[in-house]
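Close look at the chain arrangement
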Amino acid sequence: MSPGLDSCTITVFWRPSPSFHANGKIKTYEIFWEMLGEYPMSKEVPAPDNSTMLFLDNCSGNITVLAKNSVNSSPPSVIVISAASENDHAWEINTHTSKEDSVNNTEAGIYISWEPQSQFDGYIIDWCNHPRVQPCDFQWKKFGRNQSSALITSDAFRPGVQYSFRVYGSHGNTASLLEKKAKYLKELKPEGIPELHVDTVNSRFLTLTWDYDHLNESHRGFIRGYCVFVKDKYGNCMLEGSEKLIIQDGVVICKYTIEEPAKKTLTVKDPGLNKEYWFEVLAFSTSLPNITDDLIKGTAPHIKKVTTPSDESWVFQVILLLVVISVMLLICLCFWRSGW
């Protein structure tokens, strides 16, 4: 359901219940809706379609679905959409989506848990089997009032794909959104490399920033931070706050670990005069990344080479010279004025 200022778009999905027997081939589905303050309306949807979109002037009312064969109709399935205030719509839109790990998952199942509430007589979980395409193969499953967890299984679940689950509390024919969750069947190593920029360079510090959309749902795992690897021209690691790593052939690399995915900057202190460094930034999800051959060779486009100034004393000399010239001009001006 997508509420607007003066209208509402509702997508209705249906499927046969386990106890349903058509007693003949289903030809059509009859959709009836009677929204608050409006006349009843209906439409027919041909089988085997299992969804339809309704464009309505009101978001509150009843929607009924009937299956029809050549002889008769099935018992009705009714959805009640209760009147909702602007605050209710804001709650659904702004409900925080919790990012949860894959603990308790199985090879084909994703574990979901929720906080039970006594006012509901059951719970509903919905999700899309194929969240990156449309139609997404929308699914839902019902649970009893005494349940507070479930293993959602599907042959369509794949490692490295983020799935969104919504948990509703149900009472009769109405449902209320309780929680939204983002989960993976299994998290994989991120693809794509952050775009690195060098903003400030001198002998006292240099500043790195990088661009990376850590919230993008297409990532193969939740982005939990970044590793910044630094190679010195002479194979040393003397940078303050870094971790020293010794790799193949005795090559020494400095590493900084940032465990805040929204933080995309690093200040390297005291890089020194006339130094050459190569920098690489890699995002990580469940495990820290390894040093790449690109950094060791220093040839890949995403590797940034930085050279610090050889001598900064000339800057102070220029400033001193300008100060002296300014003072001399001021003295000359004073003598010139006194001559008058």
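In what follows, the accompanying structure is described.

About the thresholds
- Residues numbered from 1 in each chain as written.
- Predicted model: local features only at pLDDT ≥ 70, side-chain atom pairs only at ≥ 80, totals over all residues.
- Heavy atoms only, no water.
- Helix = DSSP H or I, 4+ residues; strand = E, 2+ residues; numbered from the N terminus.
- Buried < 20%, exposed > 50% of the residue type's maximum accessible area, 1.4 Å probe, protein only.
- Areas by Shrake-Rupley, 256 points an atom, 1.4 Å probe, with all protein chains shown as cover.
- Contact = heavy atoms within 4.5 Å.
- Pairing = 2+ DSSP bridges.
- Axes fitted to C-alpha atoms, helices over the stretch in contact; angles between N-to-C directions.
- Salt bridge = Lys/Arg side-chain N within 4 Å of Asp/Glu carboxyl O.
- Disulfide = S-S within 2.5 Å.
- Phe/Tyr/Trp six-rings, centres within 6.5 Å; stacked < 30°, edge-to-face > 60°.

Turning our attention to the overall build of the chain. For the chain, the helix and strand inventory stands at 3 helices and 22 strands. Counting all 340 residues of the chain, 36% fall into the buried class. As displayed, the chain offers around 20800 Å² of accessible surface, 54% of which is attributable to carbon and sulfur atoms.

Below, the discussion takes up the environment of Ser113. Along the chain, Ser113 turns up in strand S9 (residues 109-113). Expressed as a C-alpha distance, the spacing of Ser113 and Ser148, which sit 35 residues apart in the sequence, is 5.6 Å. Here Ser113 is in contact with Ser148, Ser149, Glu179 and Lys181, once residues within four sequence places are set aside.

On the basis of which strands lie adjacent, the open sheet formed by 3 strands has the order S15-S16-S20 and antiparallel pairing. Two strands lie at the open edges of the sheet, namely strand S15 (195-201) and strand S20 (265-269), each paired on one side alone. Ignoring which end each strand starts from, the neighbouring axes of this sheet average 20° apart. Sheet topology places strand S16 (residues 205-211) next to S20; 5 bridges connect them, and they run antiparallel. Its bridge partner lying in S20, Leu206 is registered against Val268.

With that settled, consider the pattern of salt bridges. Counted under the stated rule, the structure contains 11 salt bridges. As a salt-bridge pair, Lys68 and Glu44 come within 3.7 Å of each other at their nearest N and O atoms. A residue pair is termed long-range when its members are at least 10 positions apart, and Lys68 in strand S6 (residues 61-68) and Glu44 in strand S4 (residues 41-46) qualify at 24 residues. The exposure class assigned to Glu44 is partly exposed, which follows from its relative accessible area of 47%. Salt-bridge contacts for Lys181 lead to Glu179; the nearest nitrogen and oxygen are separated by 2.8 Å. Each of the two residues, Lys181 as well as Glu179, counts as buried. Beyond isolated ion pairs, a larger network of salt bridges with shared partners links Glu100, Glu179, Lys181 and Lys183.

For the rest of this paragraph, the subject is the state of the cysteines. What the rule picks out here adds up to 2 disulfides. Note on cysteine connectivity: Cys128 is disulfide-linked to Cys136, with sulfurs 2.0 Å apart. Overall, the relative accessible area of 10% leaves Cys136 in the buried class. Disulfide pairing places Cys237 opposite Cys254 at an S-S distance of 2.0 Å. Taking the sign of the S-S torsion, about 130° here, the bridge from Cys237 to Cys254 comes out right-handed. Within this pair, whereas Cys237 is found in the loop between strand S17 (225-232) and strand S18 (243-246), its partner Cys254 is found in strand S19 (residues 252-258), the two being separated by 17 residues in sequence. Residue class for Cys237 comes out buried when judged on its relative accessible area of 13%.

Positionally, His171 belongs in strand S13 (residues 162-171). Separated by 49 residues in the primary sequence, His171 and Gly122 place their C-alpha atoms 6.8 Å from one another. Not counting the four nearest positions on each side in its chain, His171 is found in contact with Gln119 and Asp121.

Looking now at the packing of aromatic side chains. One pass over the structure, following the stated rule, counts 13 aromatic pairs. Measuring from centroid to centroid gives 5.6 Å for Trp210 and Tyr226, while their planes differ by 65°, and the two rings are edge-to-face. Pair noted here: Trp210 is in strand S16 and Tyr226 is in strand S17, with a separation of 16 residues, a long-range link. Summarising the burial analysis for this pair, Trp210 and Tyr226 share the class buried. Each ring, one from Tyr277 and one from Phe279, has its centre 6.1 Å from the other, and the planes form 50°; the classification is tilted. When its relative accessible area of 0% is taken as the criterion, Phe279 is described as buried.

Okay, the environment of Ile10 next. Looking at the element boundaries, Ile10 is found in strand S2 (residues 8-13). Judged by relative accessible area, Ile10 falls into the buried class, the value being 5%. A C-alpha to C-alpha distance of 8.4 Å links Ile10 and Thr52, two positions 42 residues apart in sequence.

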